[in-house]
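One-letter residues, chain by chain:
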Amino acid sequence: MRYLTFALAKGRLAKKTMSLFEELGITCEAMKDDKTRKLIFVNEDLKLKFFLSKASDVPTYVEYGAADIGVVGEDTILEEGRALYEMMDLGFGKCKMCVCGPESAREKLQHGEQIRVASKYPAIAKDYFYNKKFQTVEIIKLNGSVELAPIVGLSEVIVDIVETGSTLKANGLTVLEEICDLSARMVVNQVSLKMEQDRIRKLVYDLKKLTQRNHS
Ligand code: PRP
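Below: a short report on this structure. These numbers come from a predicted model, not from an experiment.

### Brief notes about the site of the ligand
Link 1 in the chain: Taken together, Lys120, Gly144, Ser145, Glu147, Asp160, Ile161, Val162, Glu163, Thr164, Gly165, Ser166 and Thr167 make up the full set of residues near the ligand.
Link 2 in the chain: Between the ligand and Gly165 there is a distance of 2.7 Å, counted from an oxygen atom to a backbone nitrogen or oxygen.
Link 3 in the chain: Contact between the ligand and Thr167: an oxygen atom at 2.4 Å from a side-chain N or O atom of the residue.
Link 4 in the chain: For the ligand, whose accessible area on its own is 500 Å², the fraction buried by protein is 66%.
Link 5 in the chain: Of all the secondary-structure elements, those providing two or more residues to the shell around the ligand are strand S9 (157–162) and helix H7 (166–170).
Link 6 in the chain: Of all the elements, S9 adds the most residues to the shell around the ligand, at three residues.
Link 7 in the chain: Here the residues of the shell around the ligand sort into two nonpolar, six polar and four charged.

This is how it looks when you write it as C-alpha cells:
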C-alpha cells in the first residue's frame, strides 16, 4: 500500500485536524511534541504521512500531488485559486472575510470612491470590489498585521479575516462589509482522488459522520 500524504497548515488548524483524526484512531504521537522542529511525520501502521507547511502553500502541494490531501482555511483556497477538489467543511476555524476600517471610511465605500484596499488576500479583495461591487479600487498587498494600514494612512480600508473581532477593536477599526464566511476545508488532489478513491472516500465519510455527531 502506498502512503497517503497530508499537507496541514501549521498552527491551530493542524492541531485541530490531528485531534479530529485521533477520534478516528488516526494518530501521530511525534507530532504532539511542541518543541520538535520536524516538518514531516509518519504513521507506519496506517501508511500515512503528515507534513506541516505554511497555510498559503498547502493548495500548491496538493495541486502538484506532493500531498494527496490538504487541510487549510477557505480563505487560502479562494486566494490561491488552485485546481483541487474541495471535499468537506471540517467545521472549525470559523471566521469571516470582511472589509474593515475606521467608521469614517464607510461613506467612501458607499459612494464608490476610488479607495486603497490593503490585504493579505489581493485576489479575494479584487474579486469582491471588481466583480461583486463593480468598484474600482487600488489593492495593496501586505503580508501581515494588516490592521496597521488604515491607522498609518497606507489605505482607507483592509480586507481581512475577522474571528473574535478583538484585533479590530484594539485598533479602533470596525467591520464595514462582510464578504463571506470561512472555515477549515479538506482538499484533495484530482489524480489522488481517482487513484486512492476508496481510502479517501472512507476517510471523508468517517470525518463527516464524526463532525455531524460532534455538532449535534
Ligand atoms: C488574523 C487576521 C486578523 C486576526 C483576526 O491575523 O489577519 O489580524 O487574525 O482575529 P480576531 O478577529 O480574533 O482578532 P493572524 O493572527 O493570522 O496574524 P497576521 O495578521 O500577522 O497574519
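### Here we look at the sheet that holds strand S11 (residues 184–188)
Link 1 in the chain: One open sheet accounts for six strands, arranged S2-S3-S1-S4-S11-S5; its pairing is mixed. Here the strands that pair on one side only, and so sit at the sheet edges, are strand S2 (40–43) and strand S5 (85–89). Each strand axis lies, on average, 25° off the axis of its neighbour in the sheet, ignoring direction.
Link 2 in the chain: With four bridges joining them, S5 and S11 adopt antiparallel strand pairing. Residue Tyr85 lies in a different strand from S11, and its bridge partner there is Val188.
Link 3 in the chain: Docked against the sheet, helix H1 (residues 12–23) engages strand S1 (4–9), strand S3 (48–53), strand S4 (69–73) and S11, running at close to 135° with respect to S1.
Link 4 in the chain: Against the sheet, helix H9 (residues 197–215) engages S1, S3, S4, S5 and S11, with an angle of about 25° to S5.

Conventions used here
- Residues numbered from 1 in each chain as written.
- Predicted model: local features only at pLDDT ≥ 70, side-chain atom pairs only at ≥ 80, totals over all residues.
- Heavy atoms only, no water.
- Near = heavy atom within 4 Å.
- Polar contact = N/O pair within 3.5 Å; in protein donor to acceptor, adjacent residues only side chain to side chain.
- Areas by Shrake-Rupley, 256 points an atom, 1.4 Å probe, with all protein chains shown as cover.
- Helix = DSSP H or I, 4+ residues; strand = E, 2+ residues; numbered from the N terminus.
- Nonpolar A, V, L, I, M, F, W, Y, C, P; charged D, E, K, R; others polar.
- Pairing = 2+ DSSP bridges.
- Axes fitted to C-alpha atoms, helices over the stretch in contact; angles between N-to-C directions.
- Contact = heavy atoms within 4.5 Å.

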